[in-house]
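Examining the three-dimensional arrangement
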Amino acid sequence: QLFVTETCCTVATTIAKQLMANDLGLLFCCLPNESAVCIKACKATSGDCIKQYKSEPDSNIEHVALVGSDYLLGSQRSKPFIYVWALQKEQVHMRMSCPGKVTAIAVTMDGTYCAAGIGDKIHIWEICSGHLMATGSRHFQPVTVLRFTDDGAYLISGGDDNLVVVWNMASLLSEAYISSGLQLPVDLRSLLNKATSTITKHVWSHHSLPVNDIFCSIGGLRSRVATVSLDQTCKLYELGSGKMLCMFLFDCGLTKVTMDTCMSRLFVGGSSGDIWQVNLFLQVLPSATVGAASDAVTNPYHNGHSKQITGLSVTAYGNMLVSGSADATVRVWDIATQQTIKLIALKAPITDMLLTLTTPTAVTTVEPFKPANLTPMNWFEKRLHFATVAANSDQESSSKQQPYNGAIPIRINGINPVSSVSYTVRMYECTHTSVNMSFAQ
């Protein structure tokens, strides 16, 4: 049995090395806008620049998010715009106006919803239609970071008010539907009211200074959430119960945090340019105590960055760490030896960094650009969609003298209204799954 186990591990390691030699993912690095280039796409293996996404002058992109394998979103704090690039094209595809300056942005893994922090509120759009589906207000100061869980059931937000809030997406969308003023059937309204009773699943207030970054591991409701703040602490939570599992104290303000896919190692970047590695399963902590494990935290990575860490990601294979910094460099580290194996030098400080699991084919393709092949995306609305539907239904009901029956007229690609087809929102109770809302024709 031992021989078979060692043989399987050897084969798996060999296959992994072959895969890693071909593709470590693609890096999207946000840079201050110099010569109209604001985002560079580089290969993590060689550092070669594949694409240079351009925009208008003085559009310094500070946050970046990927929508499936077709689009790239970018936002900046100084202007109320969200820039959209098609991955195959370097010029701006769309520039969408928002209700205010965007301080954080996140997209679900399946590319269905986009969340943006605008001041102390969170706006959620449906990407394919552009409808503003819901807004959430729980923070007292601007939102600094947004993260979705891998199943899209929960949204985690952090802000300058030192709070970390876990939002239930189904409840948040249902609450917007109820508050729109639509005349709903009694049974449907009772189910929606029951669903909106837990819009915020958890509110964590353990930090004493603004929250800079949040990382959510895979696993849905069983995932782990790591948060870092300027108060020099990193806190690890259990998403399901909301319990704080552990806290680690460092000697400088923390800016970035990430974990490997096995959730066994935690990586933290600081404002001084240092990177620490925390071995979570090196020793077992007593369940009654919550504190820092001195032996679990390794020394900072040697010969690293000279300025604050602005990006931190682990490759899909879990053996390499990629870090970006304000010193205009990207380093690829070998986690086992904590040594730099690749240095990518850029011409400007990095404001944000995104690492994909594999290189999207849309970036490397040489075929002519065809907008018709892209996933549908419409302009983001500034008014709640259900409020607009309620206003239109009031006009129709007043003219026809008929009450609203709970049906929502839809549009195909936001252009052609469909009058003969309607979708009714129904709520179902699911005790063992996190999805409790579906749309049935």
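Source: prediction; values computed, not measured.

1. Some points on the pairing of strand S24 (residues 320-325)
Successive side chains on a regular strand alternate, one facing one side of the sheet and the next facing the other. In terms of residue burial, S24 counts as a mostly covered element, since six of its six residues are buried. Alternating residues of S24 divide into Met320, Val322 and Gly324 and Leu321, Ser323 and Ser325, and every residue in both groups is buried. The sheet contact formed by strand S23 (residues 309-314) and S24 spans five bridges and is antiparallel. Bridge pairing links serine 313 to valine 322 in S24. Where S23 folds back on S24, the antiparallel hairpin that results is connected by five residues, among which glycine 318 adopts a positive phi of roughly 80°. Across five bridges, S24 lies against strand S25 (residues 329-334) in antiparallel orientation. Each bridged residue has a counterpart across the sheet, and for leucine 321 the counterpart in S25 is tryptophan 333. Taken together, S24 and the strand that follows it, S25, pair antiparallel across an intervening segment of three residues, in which alanine 328 is found at a positive phi of about 65°.

2. As for the environment of leucine 209
Summarising the element assignment, leucine 209 is placed in the loop between strand S15 (200-204) and strand S16 (211-216). For the pair leucine 209 and threonine 233, spaced 24 residues apart in the sequence, the C-alpha separation amounts to 9.7 Å. Setting aside its immediate chain neighbours within four residues, leucine 209 contacts Asn162, Ser229, Leu230 and Asp231.

Rules used throughout
Residues numbered from 1 in each chain as written. Predicted model: local features only at pLDDT ≥ 70, side-chain atom pairs only at ≥ 80, totals over all residues. Heavy atoms only, no water. Buried < 20%, exposed > 50% of the residue type's maximum accessible area, 1.4 Å probe, protein only. Helix = DSSP H or I, 4+ residues; strand = E, 2+ residues; numbered from the N terminus. Pairing = 2+ DSSP bridges. Contact = heavy atoms within 4.5 Å.

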